[in-house]
Amino acid sequence: MRKKIVAGNWKMNTLVSQGKALAEELNAFMKTYDMPEGKLVIIGTPFTHLSTCVEAVDTKKIHVAAQNCSQFEKGAYTGEVAANMIKDLGVEYTIIGHSERRQYFGDTDEVIATKLAQCYANGLSPILCCGEKLEEREAGKHFEVIESQLRNALKDVSAENFKNTVVAYEPVWAIGTGKTATPDQAEEIHAFIRGLIAKLYDAKIADDTTILYGGSVNAGNAANLFAQPDIDGGLVGGASLKANDFISIIKAI
Ligand code: PEP
């Protein structure tokens, strides 16, 4: 059975003290909440917050993610953070290929493929993001764009490594805009992604893969999105910064 996941992406928000307070609030909730087996909560924090957040939560109930890692293993790469440094902190996941990194930081499909390789080599589970821009959807190219992003990122990824991967479909036009994909629109792409994974690997692996939806998920729309058969949870930006909103989304899974 594939896992259901609610993952927060804090992006470049909060000071460490604020992030710690948010993590503690979520931890206090999770301590009393009877989370069903196979359902996970992840918080994706800035690098500077990772250690503090790992210590602030019960990591069996709240898993911690970074939002990126270097494509290089180690060495003279000023400003970069290696996958093994992240893993060493007790972090389990990292977001890879978020559209903001593709847009502002040159994360091409090739770079994303090398970052995935670093994750697998160091025991980090990637949350691999894909998603089309508004103009690509309007031109009817969304299936083509998603297929190409995933095929390129995964071309050298073995089935064994892929099993440690979470996929997130995040239409760029829905991120931070308040414009959520309808449950039907999201489900259509999620089913397509699952079919593609079956072609790239096999039907059992596809069936076991967690595919998250991201793009203006909030307390009001989460339940309808998560009710779709191929939507296994959410990658949540803005609404993950408010404990009460994020808790409502956790309850919706
Ligand atoms: C995201 O950052 O991955 C995201 C989906 O953001 P938001 O929920 O704010 O649209």
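For the structure itself, consult the block above.
Residues numbered from 1 in each chain as written. Predicted model: local features only at pLDDT ≥ 70, side-chain atom pairs only at ≥ 80, totals over all residues. Heavy atoms only, no water.

What follows concerns the packing of helix 7 (residues 142-154) against helix 9 (residues 183-200). Between helix 7 and helix 9, the shortest axis-to-axis distance is 11 Å and the interhelical angle comes to 40 degrees. Here helix 7 runs over helix 9; the crossing is right-handed. Residues His 142, Phe 143, Ile 146, Glu 147, Leu 150, Arg 151 and Leu 154 of helix 7 lie in contact with helix 9, whose contacting residues are Glu 188, Ile 189, Phe 192, Ile 193, Leu 196, Lys 199 and Leu 200. For the contact of helix 7 with helix 9, the residue count by class is nine nonpolar, one polar and four charged. (Axes fitted to C-alpha atoms, helices over the stretch in contact; angles between N-to-C directions. Helix = DSSP H or I, 4+ residues; strand = E, 2+ residues; numbered from the N terminus. Left-handed = near helix turned anticlockwise from the far one by under 90°. Contact = heavy atoms within 4.5 Å. Nonpolar A, V, L, I, M, F, W, Y, C, P; charged D, E, K, R; others polar.)

Take the environment of Phe 192 next. Topologically, Phe 192 is positioned in helix 9. Separated by 18 residues in sequence, Phe 192 and Thr 210 place their C-alpha atoms 13 Å apart. Excluding residues within four positions of it along the chain, Phe 192 makes contact with Phe 143, Ile 146 and Glu 147.

Let's shift gears to the nonpolar core. In this structure, Ile 43, Leu 150, Ile 193, Ile 197, Tyr 213 and Phe 226 are the most contacted members of the largest nonpolar core, which totals 64 residues. Ile 5, Tyr 93, Ile 95 and Ile 127 belong to the second-largest nonpolar core, a separate cluster that totals 13 residues. (Core = buried A, V, L, I, M, F, W, Y, C linked by side-chain atoms within 4.5 Å. Buried < 20%, exposed > 50% of the residue type's maximum accessible area, 1.4 Å probe, protein only.)

Following the criterion strictly, the structure yields 13 salt bridges and no others. Here Arg 2 ties to Asp 232 by a salt bridge, and the two come within 2.7 Å at their closest N and O atoms. Of this pair, Arg 2 sits in the segment before strand 1 (4-9) while Asp 232 sits in the loop between helix 11 (222-226) and strand 8 (233-236); the two residues are 230 residues apart in sequence, bridging distant segments of the chain. The salt bridge involving Asp 107 is made with Arg 101; its shortest N-O contact spans 3.3 Å. Residues Asp 107 and Arg 101 agree in their burial class; the two are buried. (Salt bridge = Lys/Arg side-chain N within 4 Å of Asp/Glu carboxyl O.)

With that settled, consider the sheet that holds strand 2 (residues 39-44). Read around the closed barrel, the eight strands follow the order 1-2-3-4-5-6-7-8; overall the barrel is parallel. Across this sheet, the average inter-strand angle for adjacent strands is 25 degrees, counted without regard to direction. In this sheet, strand 5 (residues 125-130) lies alongside strand 4 (residues 93-96) in parallel orientation, the contact comprising four bridges. Bridge assignment links Ile 96 to a residue of strand 5, and that residue is Leu 128. Strands strand 2 and strand 3 (62-66) of the sheet are contacted by helix 1 (residues 16-32), whose axis makes an angle of about 150 degrees with strand 3. (Pairing = 2+ DSSP bridges.)

By secondary structure assignment, the location of Thr 209 is in the loop between helix 10 (203-208) and strand 7 (211-214). Setting aside anything within four residues of it in sequence, one finds Thr 209 in contact with Arg 2, Phe 162, Thr 165, Val 167, Arg 194, Ile 197 and Asp 232.

For the rest of this paragraph, the subject is the packing of aromatic side chains. Geometrically, a pair of aromatic rings is defined through the distance of the ring centres and the angle of the planes. In this structure the tally under the stated criterion is six aromatic pairs. Measuring from ring centre to ring centre gives 4.9 Å for Phe 143 and Phe 192, while their planes differ by 70 degrees; the resulting arrangement is edge-to-face. With Phe 143 in helix 7 and Phe 192 in helix 9, this residue pair connects regions lying 49 residues apart in the sequence. (Phe/Tyr/Trp six-rings, centres within 6.5 Å; stacked < 30°, edge-to-face > 60°.)

When the terminal C-alpha atoms of helix 1 are compared, their 25 Å separation across 17 residues agrees well with the 24 Å that a helix rising 1.5 Å per residue should span. Looking at helix 1, one finds that the buried residues are Gly 19, Leu 22, Ala 23, Leu 26, Asn 27, Phe 29 and Met 30. The arc that holds the buried residues of helix 1, viewed along the axis, is 165 degrees, so those residues lie on one side. The exposed set on the far side of helix 1, more than 90 degrees from its buried face, consists of Ser 17, Lys 31 and Thr 32. (Expected span 1.5 Å × (residues − 1). Arc of directions from axis to C-beta.)

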